[in-house]
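# Understanding the architecture of this molecule
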Amino acid sequence: MPYTSREWRLAARPTGEPQPSDFALATVTVPDPEEGQVVVRNDFVSVDPYMRGRMNDVPSYVPPFQLDEPMTGSAVGTVVASGAADVPVGTTVTHFLGWREYALLPAEAVRAVDTALAPAEAYLGVLGSTGLTAYVGLTEIAPVKVGDTVFVSGAAGAVGSVAGQIARQLGAARVVGSAGGPEKVRRVIETYGFDAAFDYRQGDLPARLAGTAPDGVDVYFDNVGGDHLEAAIGAMNDFGRIALCGAISAYNATEPPPGPRNLPLAVGKRLSLRGMIVTDHLALAPEFAVRAAEWLKDGSLVAEETVVEGIDNAVEAFLAMMRGANTGKMLVRLVHD
Ligand SMILES: NC(=O)c1ccc[n+]([C@@H]2O[C@H](COP(=O)([O-])OP(=O)(O)OC[C@H]3O[C@@H](n4cnc5c(N)ncnc54)[C@H](OP(=O)(O)O)[C@@H]3O)[C@@H](O)[C@H]2O)c1
């Protein structure tokens, strides 16, 4: 039977911080699947920082959202109608038609996940591209060596919290992080096992970073950009490696942000700064899946989620995540009648 589904559309391109009025919730009918198609009831949808870039009409590694079209993103759900024998009703799958309650997809566009290993929503976080991003950054882009000091910004967030723990598994001697507010700093140390962390909102990043990493930084995992990147460049040891994973401090900027003023230091320190997009490194996914499963099982990797209920609240969840309301991965759980 056809399903009535609510879906979020981009109603206007935001300037600066997005406003609720930039989005509209529409109701549509999702038809029955044809041969080779499935209908998925989304149980969790992901809200992610990169989606802010897709709200601008600029070319990027992932195309912009189109006005008045449903937005897309990662989701996990249950197949409720199937025209594909290899993806029967009841299969738990991930796919890319998030921001809606029900999705009609070609069967080859969904991937079945193992819910015996971890709950379905973990495949939007630690066992999905979030965890893989952290792993790629610290193995391929800015490889951690045994004995290193590793600094992670955005350390209480989805990628950052996993990155700090993976750095430890890869042999880092000291793992330090930054996060917004004292509660997050406490969480970064007590739950995610960082050796030290600081609240960047207190200002004077160079001094706070020097206080947590007095012998300098060998690897910096950058989720934030801006003044965090500048402080890290100042603190890097010779031959240090920086993974440029994200620059969330600039995602709502209306003017191009200033570059790190101390970039020339990268010459004398012989630093490597390398950008990354996780989807270029999917070949590492099977290796990561095996290692992450072991770490989760033996308790050396702890993953958390902040869950907001209901499709009605998905935009607010996105806006709140951009403002720092989440610890770990921000997810929206969809409630179905
Ligand atoms: N390159 C890739 O392939 C790839 C893949 C996934 C994610 N990323 C990037 O990784 C970063 C983290 O993503 P995520 O999904 O894990 O999100 P997240 O860290 O779970 O959530 C975003 C966090 O950013 C922090 N934040 C917001 N504004 C900030 C500012 N001005 N300065 C410092 N921190 C700020 C907030 O935490 P506080 O309370 O601590 O401020 C917020 O909780 C983002 O930059 C994202 O674009 C890159």
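As the structure is a prediction and not an experimental result, all values here were calculated from the model. (Residues numbered from 1 in each chain as written. Predicted model: local features only at pLDDT ≥ 70, side-chain atom pairs only at ≥ 80, totals over all residues. Heavy atoms only, no water.)

Looking at the ligand, there are 26 residues lining it, with Val-159, Lys-184, Tyr-200, Val-278 and Asn-326 nearest. For the ligand, a nitrogen atom lies 2.8 Å from a polar atom in the backbone of Met-276. Between the ligand and Asn-326, the relevant distance is 2.6 Å, taken from an oxygen atom to a side-chain nitrogen or oxygen of the residue. Elements supplying a minimum of two residues to the shell around the ligand: helix 3 (158–169) and helix 9 (314–323). Taken together, the residues of the shell around the ligand sort by class into 15 nonpolar, nine polar and two charged. For the shell around the ligand, the two domains that each supply at least three residues are domain 1 (3–125 + 304–333) and domain 2 (129–280). (Near = heavy atom within 4 Å. Polar contact = N/O pair within 3.5 Å; in protein donor to acceptor, adjacent residues only side chain to side chain. Helix = DSSP H or I, 4+ residues; strand = E, 2+ residues; numbered from the N terminus. Nonpolar A, V, L, I, M, F, W, Y, C, P; charged D, E, K, R; others polar. Domains from an automatic or database assignment.)

The next point concerns the environment of Tyr-3. Here Tyr-3 shows up in strand 1 (residues 3–10). Taking the C-alpha atoms as reference points, Tyr-3 and Gly-310, separated by 307 residues in sequence, lie 17 Å from one another. Contacts of Tyr-3, omitting those with residues within four sequence positions, involve Val-28, Thr-29, Val-30, Val-39, Val-80 and Tyr-102. (Contact = heavy atoms within 4.5 Å.)

Moving on, we come to the nonpolar core. Ranked by internal contacts, the top residues of the largest apolar core, which has 42 residues, are Leu-138, Val-150, Ile-166 and Val-188. Put simply, the parts of the chain that give this core at least two residues each are helix 2 (129–141), strand 8 (149–152), helix 3, strand 9 (174–179), helix 4 (182–190), strand 11 (217–222) and helix 8 (285–298). No other element matches the six residues that helix 2 contributes to this core. A domain split of this core shows at least three residues from each of domain 1 (3–125 + 304–333) and domain 2 (129–280). (Core = buried A, V, L, I, M, F, W, Y, C linked by side-chain atoms within 4.5 Å. Buried < 20%, exposed > 50% of the residue type's maximum accessible area, 1.4 Å probe, protein only.)

With that settled, consider the domain arrangement of the protein chain. How large an interface is tends to be reported as the accessible area lost when its parts come together. Domain annotation of the protein chain identifies domain 1 (3–125 + 304–333) and domain 2 (129–280). With centres defined by C-alpha atoms, the gap from domain 1 to domain 2 works out at 29 Å. The partner domain 2 presents 17 residues to the 17 residues of domain 1 that form the contact. Counting the surface lost from both domain 1 and domain 2, the interface buries some 1300 Å², and carbon and sulfur atoms represent 54% of this. When the buried surface of domain 1 facing domain 2 is broken down by residue, Glu-304, Met-322 and Thr-327 rank first, second and third, together holding 30% of it. Between the two partners, domain 1 and domain 2, sit one salt bridge. For Glu-304, the salt bridge goes to Arg-187, with nearest N and O atoms at 3.0 Å. For the pair domain 1 and domain 2, the interface holds seven residue pairs in polar contact (both at pLDDT 80 or more). (Buried area = accessible area lost by both parts, 1.4 Å probe. Salt bridge = Lys/Arg side-chain N within 4 Å of Asp/Glu carboxyl O.)

Any two packed helices are characterised by the angle at which their axes cross and by the distance between the axes. Between helix 2 and helix 8, whose axes approach to 10 Å, the crossing angle comes to 105 degrees. Considered as vectors, helix 2 and helix 8 are oriented roughly perpendicular to each other. Contact residues: Gly-131, Leu-132 and Tyr-135 in helix 2; Ala-285, Glu-287, Phe-288, Arg-291 and Trp-295 in helix 8. Residue composition of the contact of helix 2 with helix 8, grouped by class: five nonpolar, one polar and two charged. (Axes fitted to C-alpha atoms, helices over the stretch in contact; angles between N-to-C directions. Parallel < 35°, antiparallel > 145°, perpendicular 65-115°, else oblique.)

Per the counting criterion, the structure on display carries 16 salt bridges. Put simply, Asp-195 and Arg-168 hold a salt bridge, and the shortest N to O gap is 3.0 Å. Highlighted residues: Asp-195 in the loop between helix 4 and strand 10 (196–199) and Arg-168 in helix 3, separated in sequence by 27 residues. Put simply, Glu-183 and Arg-187 hold a salt bridge, and the shortest N to O gap is 3.6 Å. Of this pair, Glu-183 and Arg-187 both sit in helix 4, separated by four residues, roughly a single helical turn.

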